[in-house]
Structure formats: structure tokens, C-alpha cells
Amino acid sequence: MRRRTVLVAPLAAALGTVAGRAPALAATGPRIRGADLSFTVQEEAVGKSYRDGGVTQPVERILAARGANFVRLRVWNAPPAGYSTLSSALTLGRRAKQAGMKVLLDLHYSDFWADPSKQPIPRAWAGQSLSTLAGTVRAYTRDAIAAFARQGTPVDMIQVGNEITNGMLFPLGQVYRSDGQHWAEFATLLKAGITGAREGNPAGNPLAIMVHIDRGGANGDSRYFYDHILAQGVAFDVIGLSYYPFWHGSLAALRSNLNDLATRYGKDLVLAETSYPWTLGNGDQLGNLIGSPSQLPDGGSFPATPTGQAAYFEQLRAVLAAVPSGRGAGFFDWEPGWLPGVGWSPGQGNPNDNLTMFDWSGNALPSLNAFRPGS
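Definitions and cut-offs
- Residues numbered from 1 in each chain as written.
- Predicted model: local features only at pLDDT ≥ 70, side-chain atom pairs only at ≥ 80, totals over all residues.
- Heavy atoms only, no water.
- Helix = DSSP H or I, 4+ residues; strand = E, 2+ residues; numbered from the N terminus.
- Expected span 1.5 Å × (residues − 1).
- Buried < 20%, exposed > 50% of the residue type's maximum accessible area, 1.4 Å probe, protein only.
- Core = buried A, V, L, I, M, F, W, Y, C linked by side-chain atoms within 4.5 Å.
- Contact = heavy atoms within 4.5 Å.
- Right-handed = clockwise from strand over helix to strand, strands pointing away.

Our next topic: helix 6 (residues 130-150). Between its first and last C-alpha atoms helix 6 spans 30 Å; for 21 residues at 1.5 Å apiece the expected length is 30 Å, and the two agree. Taken together, the buried positions of helix 6 are Leu133, Ala134, Thr136, Val137, Thr141, Ala144, Ile145, Ala146, Ala147 and Phe148. Residue Gly152 follows helix 6 closely and has a positive phi angle near 80 degrees.

Put into C-alpha cells, the structure is as follows:
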């Protein structure tokens, strides 16, 4: 999760805006209203379905009807059977485009989960030198983007790595090591992914490049990261941040960070991941990550209830609308349809089943109103 004052042309085109003129978000709502739906194929495989107003539809159709215009799709290199691969992302990419939505591709460059605490190199890439690994990353990214284009569903935005606050592809791309900080090596790999994305993108297709970290409520940490990658000459379009209030602080902290980053860097800001509990109950045998009111910094205003969850998203929209120069481009809810029955790993439970936008029977919750296009 530098000082340019106009929308970069690729992002402007991808979002249907006019380069050089940021839209008034207060009048139209966030330009990007999306969700990560990467677990969808697995949920359907175990018999889950989704309803809105009593009508059963595929989850992406329900979200699109509510106004969502982007789907985020995760790709792991060699995950356990059934989990997110390029093949499943291509399937969901076709479905997203058929529903009239755009695609944000989230390449983890890892066989399984990658986040700030772990960015394990894929087993098939182990033992490569930095220069060889950079070439591998470039080719892998190029081929992933080209695969979407070949099936007629070109990617609209790509994030090169997932929550790469501390680097990517450890240990070669790890920033913080026992002998100091290694920004140059990290930037080499990040640039390789960006180059590959642009090489794989078909002519005439606007492709926005996101660099994504996890520090939505931490301005000092965010500035430190983006200052360093910009100093390394990394060229990108969108600042992506994860913001989970139970880990990243209050909405006031988010507001302060977004307002500063927008002015400081002149880039559009997207909350690449966010979610909020609708209950403190638990839908399966695994304990949830969020189970106490004390974990919610704004819990007095937004309790863990269906209406409290909806109110959180309303305030989130307001925070984005107030970002200077219209730079608060939008948000992605993380896995609103991850219902009990699909584990975070084979044989495991779901620690996030109270952070969905559907109840445990698949019925839509009031928070789906967050995807509406208007104010």
C-alpha cells in the first residue's frame, strides 16, 4: 500500500474520465466501486449462492446491479488445488466483463498468501539471481496481462504485488534485512513487473499501474514507502492502500493520510482492500479475526451490526469524496462473498466470515448500497 496535479492519461481513460480534470466525487460517488471476488469459484463449488431482494444471481451480477464497476482478482503461482490461479482469474474476468465491470488484476508473485509479513518467492523461481528473477517477473507479468487480452477481457488496472510495504519476493526483494535497507533490489523487481505489464497490454487499451501497501491509516509509513520507490525511479499511476480500521486506525487517521498523499504526490488513491464486520458472531468452527467491540476504533458510531456496517461504508465514501482535487478515486471491499464453507487454506475455516456483505445464508446486507454510483 511526484508532484503531478493532473490525472495521468491511462488512469483517466480506464475510469472514463477526462485527462486533466478530476471529477467532483461528491456529486457522482467514487469513480471506482469494486470488490475482490476471488473466492467466488470455490464458493459456488461448495454450493453457495447469493440473493438480493430474494432473487438469486451470480455475485458479480448482484454487485453490478447495485452499481459496482470493478472486480479485483487475485492470482497465486501454485496454490493448493482449487485456490486462486490465473485460470480461475480468467474465468472470473470473463464473468466480470460480461456483467459490465472492469478488472483489477492482483498478482501476488507467490504460490500462496503474500502480505507485509511474508512475500515468499514461488518454489519454481527459487535460486534465481536478482537479474534472472527480474526477467522472470517481467515475462510472468507480460504473459498474465496478455492472457486476459487474448480472451477479449483486457485488464484495466494491475497491482504489481500485494501489500508490498516491506518488499516482494523475499529474500531478494526484501527491503528490511539484518544488514540494512535494500530499496534498489526491491525496485528492480517492481520495475520489472511494471515493464512486463505494459509489454503485455494490447495497443489502445488503457492500463493503470497500482503500487499497493497496507498502511491506510499511517501517513508517516505511507510517505516513507512512496518517497523511497519514487526516489528509485519507479513510475506508476495509482497509490493503493489497504484500510481495515481494526488494524489501521480510525477513519480520521485514514482521512488525514489520504488528504496528505493526494496533495504530496498528485496521484489517484484507491483503497484496494477494506471491510467491516456486520456481526461479532462466528459462522464456522474457526475463530474470527474480529470478535470484540474493542477492536473497532469507531465502534461507537459504527457498531458491528448490518446497519453499522452500512454506516461505515457511507462514511468511507464521504472520506473519499473529500480528498483534495478529486484524488479519492474509490475502494474495493475485500471478499464480500466469502461465506463459511471455504477455508483460508485447505481443511481450515474462514476467519473473516463476519466481514462479508452477505449473511451466512447468502442474503444481501444493507452495506451493498455502498456500490451505488450517485452521492
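Having seen the model, we can carry on.
Soluble globular proteins: nonpolar side chains tend toward being buried together. With 93 residues, the main nonpolar core has Leu63, Leu190, Tyr226 and Ile229 as its most contacted residues. The leading source of residues in this core is helix 7 (residues 183-200), at 8 residues. Excluding residues within four positions of it along the chain, Leu63 makes contact with Ala35, Leu37, Ala68, Pro336, Phe358, Leu368 and Phe371. Within the second largest apolar cluster, 11 residues are counted, among which are Phe70, Met157, Ala329 and Phe332.

So, on to helix 7. The terminal C-alpha atoms of helix 7, which comprises 18 residues, lie 26 Å apart, in line with the 26 Å expected from a rise of 1.5 Å per residue. Taken as a whole, helix 7 has its buried residues at Trp183, Phe186, Ala187, Leu189, Leu190, Ala192, Gly193, Ile194, Gly196, Ala197 and Gly200. On its buried face, helix 7 is in contact with helix 6, strand 6 (157-160), strand 7 (176-177), strand 8 (180-181), strand 9 (208-213) and helix 8 (219-231).

Now for the pairing of strand 4 (residues 70-75). The buried count for strand 4 comes to 6 of 6 residues, which makes it a mostly enclosed element. Because side chains alternate across strand 4, one face comprises the buried residues Phe70, Arg72 and Arg74, and the other comprises Val71, Leu73 and Val75, equally buried. In this fold, the crossover linking strand 4 to strand 5 (residues 102-107) by way of helix 5 (residues 86-98) has right-handed handedness.

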